[in-house]
Amino acid sequence: MGDPQQDFSQGAAYVDGRYLPLNQAGIPLSDFGFTKSDVTYDVVHVHKGGFFRLGDHMARFAESMRGYRMQPTETLDQMREIAARCVVLSGMKDACVSFAATRGAPTKPGWRRPDQCRNTFMCWVWPWPEVITPELADKGASLMISSIVRFPEASINPTWKNFQWRDLSNSLWEALDNGYDQAILLDYDGYVTEGPGYNIFVVKGDRLLTPDRGALKGVTARSVIDLAPELGMTADYAPLTKKDLLEADEVFLSTTAFGIMPVSRVDDHVMANGITGPVSRKVMDTYWRKKDEGWLITPINYADTEN
Ligand code: PLP
């Protein structure tokens, strides 16, 4: 259940049946999750002591595991309980909770087939990172349209969450090398997909549009779409091109790990006089207000140490 003598305050983890402080948690080198990136994951936000949209994250995680043909011994209900237990151990009220399932190590050393491995589940809680500083919220980020092409959907299904991040990581290096904050990738047909760890929205008049292809179906993007009517906007998935980005009124990024990030420049296209635009501001403010009000939050019982 987690040794109370141990210090979980910097993060708590569950790996293969054991609770550990995050800095002591790891996986065997022989796990195909490490050697073949044969792993899927999900990340949930804990806001003011409650999980945000836990059911949606669990459903996506289940779908990813099904897609990659992984079946750890823990059931989905047990995974929920383990996640809550990790949060309680850490004592954190604002955090991210990562779930992962790996192919695991071969049951006999040297075996190479994916059906010869014991799938492993792990979960860990880490402090909420304050990515959106007040300055960034006002100024907006700069975004580079990367020269690196996003891997084709025919090779890897982007809606099954994965750590196949080489193209995403390279795009971030390229953006940083060129003086930009963030990157966005196009697919082989020139359609906008996603960036390293986030979805993208384009604002055009009273419409919010996010790519309908080549991207994870983000839970944060879903939240933006759900909130659009409240903002007097329509929102939808649509095919978007580089031109749409360069002619947008505004652009913003969405992800669990930072919420909404306004963008004030895409390549050389400066929007809203180079500061956060009014729609992005409204989306950002509404997203956080709704969460503060408990919208789609599942409270965590911190008194429950045996859960
Ligand atoms: N796209 C990628 C590649 C991601 O890794 C993530 C989040 O980790 C997202 C989009 C945003 O998804 P969500 O809003 O569910 O966090």
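The model shown is predicted, which means the values in this text are computed figures rather than measured ones.

Engineer: Help me understand the overall build of the protein chain, please; the structure alone is not making it clear to me.
Structural biologist: From N to C terminus, the protein chain includes 8 helices and 15 strands. The C-alpha atoms of the protein chain give 20 Å as radius of gyration, which agrees with the globular expectation for 307 residues (19 Å, within 12%). Seen through its principal axes, the protein chain has C-alpha atoms that stretch 55 × 45 × 30 Å. The buried share of the protein chain, reckoned over its 307 residues, is 53%.

Engineer: What am I meant to see in helix α8 (residues 278–292) here?
Structural biologist: Between the first and last C-alpha of α8 there are 21 Å, a value that for 15 residues agrees with the 21 Å anticipated at 1.5 Å per step. Along α8, the residues that are buried comprise V279, S280, V283, M284, T286, Y287, K290 and K291. A positive phi of about 95 degrees marks G294, the residue just after α8.

Engineer: Just to check I follow, could you spell out the side chain of T286 for this structure?
Structural biologist: Structurally, the position occupied by T286 is in helix α8. Classification of T286 by relative accessible area gives buried; the value is 7%. Sequence-distant contacts of T286, that is, excluding residues within four places in its chain, are made with L227, E230 and L231.

Engineer: Can you walk me through the site of the ligand in this structure?
Structural biologist: The environment of the ligand is made up of 17 residues, and the closest members are K161, E194, V219, T220 and T256. Between the ligand and R60, the relevant distance is 2.9 Å, taken from an oxygen atom to a side-chain nitrogen or oxygen of the residue. Within the side chain of T255, an N or O atom sits 3.5 Å from an oxygen atom of the ligand. Relative to its free-state accessible area of 390 Å², the ligand is covered by the protein chains to the extent of 93%. Only α6 (219–227) and β12 (250–255) provide two or more residues apiece to the shell around the ligand. Class assignment for the residues of the shell around the ligand results in 6 nonpolar, 8 polar and 3 charged.

Engineer: What is the right way to look at a nonpolar patch on the surface in this model?
Structural biologist: A cluster of nonpolar residues, I27, L29 and F34, forms a patch on the protein surface that exposes about 330 Å² of accessible area. With respect to the secondary-structure elements, F34 resides in helix α1 (residues 32–35). Taking the relative accessible area as the measure of exposure, F34 reaches 55% and is therefore exposed.

Engineer: Would you mind showing me how to read the pattern of salt bridges here?
Structural biologist: Note that side chains of opposite charge can pair when their charged atoms are close. The full count for this structure, using the stated rule, is 17 salt bridges. D226 is the partner of R53 in a salt bridge, and the nearest nitrogen-oxygen pair spans 2.9 Å. Separated by 173 residues along the polypeptide, R53 in the loop between β4 (50–52) and α2 (54–67) and D226 in helix α6 bring together distant segments of the chain. On the basis of relative accessibility, which here comes to 9%, the residue R53 falls in the buried class. Given the relative accessible area of 32%, D226 is considered partly exposed. Through salt bridges that share partners, R53, D56, R222 and D226 make up one connected network.

Engineer: For this particular structure, what's the right way to read the environment of P134?
Structural biologist: As for its placement among the helices and strands, P134 is situated in helix α4 (residues 134–139). Note on P134: relative accessible area 68%, which makes it exposed. For P134 and A272, which are 138 residues apart along the polypeptide, the C-alpha to C-alpha distance reads 18 Å.

Engineer: How do you make sense of the pairing of strand β2 (residues 18–21) when you look at a structure like this?
Structural biologist: Side-chain positions along a regular strand alternate between the two faces of the sheet. Note that strand β1 (residues 12–15) and β2 share 4 bridges and pair antiparallel. For V15, the partnering residue across the bridge sits in β2 and is R18. Linkage of β1 to β2, two consecutive antiparallel strands, is achieved through a turn of 2 residues, within which D16 is found at a positive phi near 50 degrees.

Engineer: Would you mind going over the packing of aromatic side chains with me for this structure?
Structural biologist: Tallying each qualifying case throughout the model produces 13 aromatic pairs. Relative to W160, the ring of Y68 has its centre 5.6 Å away and its plane inclined at 75 degrees; by these criteria the two rings are edge-to-face. Here Y68, found in the loop between α2 and α3 (76–90), pairs with W160, found in the loop between β7 (141–145) and α5 (166–177); they are 92 residues apart in sequence, far enough to count as distant. Exposure remark for Y68: the relative accessible area of 18% places this residue in the buried category. Among the aromatic residues, those joined into a ring-pair cluster are Y14, Y19, F61, F99 and F121. Its end group placed over the ring of Y19, R85 keeps NZ or CZ at 5.9 Å from the ring centre. Its guanidinium or amino end placed over the ring of F151, R150 lies 4.1 Å from that ring's centre, counting from NZ or CZ.

About the thresholds
Residues numbered from 1 in each chain as written. Predicted model: local features only at pLDDT ≥ 70, side-chain atom pairs only at ≥ 80, totals over all residues. Heavy atoms only, no water. Helix = DSSP H or I, 4+ residues; strand = E, 2+ residues; numbered from the N terminus. Rg over C-alpha atoms; globule rule 2.2 N^0.38 Å. Buried < 20%, exposed > 50% of the residue type's maximum accessible area, 1.4 Å probe, protein only. Expected span 1.5 Å × (residues − 1). Contact = heavy atoms within 4.5 Å. Near = heavy atom within 4 Å. Polar contact = N/O pair within 3.5 Å; in protein donor to acceptor, adjacent residues only side chain to side chain. Areas by Shrake-Rupley, 256 points an atom, 1.4 Å probe, with all protein chains shown as cover. Nonpolar A, V, L, I, M, F, W, Y, C, P; charged D, E, K, R; others polar. Patch = residues over 30% accessible without salt bridge, like charges linked within 9 Å, V, L, I, M, F, W, Y side chains within 5 Å. Salt bridge = Lys/Arg side-chain N within 4 Å of Asp/Glu carboxyl O. Pairing = 2+ DSSP bridges. Phe/Tyr/Trp six-rings, centres within 6.5 Å; stacked < 30°, edge-to-face > 60°. Lys NZ or Arg CZ within 6 Å of the ring centre and 35° of its normal.

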